[in-house]
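Commentary on secondary and tertiary structure
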Amino acid sequence: MLSSLAKRKVSRRDFMKACAAMAVYLGLSESFAPKIADAVENASKKTPVIWLEGQDCAGCSEAFLNLTEPTPAQIILDTISLKYHETVMFGTGYLADKALDEALKAGNYVLVVEGSIPTADPMFCTAGTMSDTNPARRPVVETLKEAYKKASVVIALGSCASWGGVVQDTPSKGRGVSDIVGKEKVINLPMCPCNPDHLVGTLVYYLTFKKAPPLDIHQRPLMFFGTLIHDNCPRRGHFERGEFVTNYGDPNQAEYCLYLKGCKGPFTFSDCPSRGFNDNVSWCIKASAPCAGCSQPEFYAGFSPLYEKSNDVNLPGIGGVPSETVGTVAAAVTALGVAAHLVGRSVFGKKKEGDK
């Protein structure tokens, strides 16, 4: 990051403006700009990062590698010291093993974990190089437990690492990082895949304040997961008017609410409506796909089948209303909006200000 600024001959004034913008990005006052500037300027010390992969598709790594501002190169080469990452690092085999061992011994690193950890059998997920002196590949769960001991902070990246994700109910019984090592030091950055902006913002916050940002009851940063998708959904007006998609082939319903098609927006906390993906080019609902609730602990099994409507909608004071007719019941529409907020805040865990 700093070398890039230097090449472009960015003035001190413009640099401070960039730091002020980052403060706003993190939900802080612009008065924190000097502190962020100090943290970024001291990034030449390069905080070591170990990035482990468990049962994953490497989707979170791919999302990170597709960042455009800042670029992955700016982060990896200028801001952090990436000691180990199976997908990104140049070294392989014994050289990779050696790099990991040396980083583990040194300690005081940021530990990023991508993918779930198998609990049915540790040999379902292993890593390392087999040799005469090391005839068996090492289970990832053992590496995680060792790496956790000397980590200064742990970032569970993506839904799989946060709470098991799509492999919770597979034969491996995949679980999240906190299920294996406990919640202390762990920051969950769920979604499938993760939003790379969340990772960058969390790293900047940690480099600035040397601690995790304020978290909700699911260990997610409130600056990214503090509001329901439903609150800021661009289709919210159609929801309020009882206009729901029932037929994807009907052009008149193109922008209608996707609730009856399985949208989990009323129960899902994330800043997707404002942040989007790929430089805010698009996101699920903008692409006319219902929210799958991938930032919630219930994802995947608890929200499946993802793209089917509920059998009925329970409304406070009204009772069950068949989902097929909810769009025609005017009184139920208003009550449904209230119900969605109540369910989202009370059941799915938005912390009140001041909660620890």
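Summary of the structure given here.

Side note on unusual backbone geometry
A cis amide bond links E69 with the next residue in sequence, P70, at an omega value of 0°. With respect to the helices and strands, P70 occurs in the loop between α4 (59-65) and α5 (72-79). Here the amide bond leading from C192 into P193 is cis, since omega sits at 0°, within 30 degrees of zero. Counting through the fold element by element, P193 comes out in the loop between β9 (186-189) and α10 (196-209).

Regarding the side chain of R275
Looking at the element boundaries, R275 is found in helix α14 (residues 272-275). Of the polar contacts made by the side chain of R275, one reaches the side chain of D271; its length is 2.7 Å.

Quick notes on the environment of L189
Mapped onto the elements of the fold, L189 is located in strand β9. Separated by 31 residues in the primary sequence, L189 and G158 have C-alpha atoms spaced 5.7 Å apart. Setting aside residues no more than four positions away along its own chain, L189 makes contact with I155, A156, L157, G158, S162, C194, H198, L199, T202, P221 and F225.

Points about α5
Because an α-helix completes one turn every 3.6 residues, residues spaced three or four positions apart along the sequence face the same direction. Of all the 8 residues making up α5, 6 are buried; the element is thus mostly covered by neighbouring parts of the structure. All of the buried residues along α5 are P72, Q74, I75, I76, D78 and T79.

Quick look at the packing of aromatic side chains
Across all of its chains, the model carries 6 aromatic pairs by this definition. Relative to F64, the ring of W51 has its centre 5.5 Å away and its plane inclined at 50°; by these criteria the two rings are tilted. Here W51 is found in strand β1 (residues 47-53), whereas its partner F64 is found in helix α4, with 13 residues between them in sequence. For F64, a relative accessible area of 4% corresponds to the buried category. A ring pair is formed by F239 and Y259, whose centres lie 6.4 Å apart and whose planes are at 80°; its orientation type is edge-to-face. Remark: Y259 occurs in the loop between α13 (236-240) and α14 and F239 occurs in helix α13; sequence separation between them is 20 residues. There is no split in this pair, since F239 and Y259 are both buried. Site record: aromatic cluster; members linked through ring pairs are F239, F244 and Y259.

Quick word on the pairing of β1
Taken across its 7 residues, β1 has 6 buried, putting it largely inside the fold. For β1 and strand β3 (residues 109-114), the ladder comprises 5 bridges, and the chain directions are parallel. Paired with I50 across the strands is L111, a residue of β3.

Structural notes on the sheet that holds β3
The parallel open sheet is built from 5 strands, whose spatial order is β2-β1-β3-β7-β9. The open sheet has two free edges, formed respectively by β2 (80-85) and β9, since each of these has just one partner strand. Pairs of neighbouring strands in the sheet enclose a mean axial angle of 20°, with direction left out of account. Sheet topology places strand β7 (residues 151-157) next to β9; 4 bridges connect them, and they run parallel. By the bridge assignment for β9, L157 is matched with L189. Running over the sheet, helix α7 (residues 140-150) touches β1, β3, β7 and β9 and is turned about 155° from β3. On the sheet, α10 packs against β1, β3, β7 and β9 and is oriented at approximately 165° with respect to β7.

What about the packing of helix α6 (residues 93-106) against α7?
Between α6 and α7, whose axes approach to 8 Å, the crossing angle comes to 35°. Between α6 and α7, the residues in contact are L100, L104 and K105 and T143, E146, A147 and K150, respectively.

Quick notes on the rules
- Residues numbered from 1 in each chain as written.
- Predicted model: local features only at pLDDT ≥ 70, side-chain atom pairs only at ≥ 80, totals over all residues.
- Heavy atoms only, no water.
- Helix = DSSP H or I, 4+ residues; strand = E, 2+ residues; numbered from the N terminus.
- Polar contact = N/O pair within 3.5 Å; in protein donor to acceptor, adjacent residues only side chain to side chain.
- Contact = heavy atoms within 4.5 Å.
- Buried < 20%, exposed > 50% of the residue type's maximum accessible area, 1.4 Å probe, protein only.
- Phe/Tyr/Trp six-rings, centres within 6.5 Å; stacked < 30°, edge-to-face > 60°.
- Pairing = 2+ DSSP bridges.
- Axes fitted to C-alpha atoms, helices over the stretch in contact; angles between N-to-C directions.

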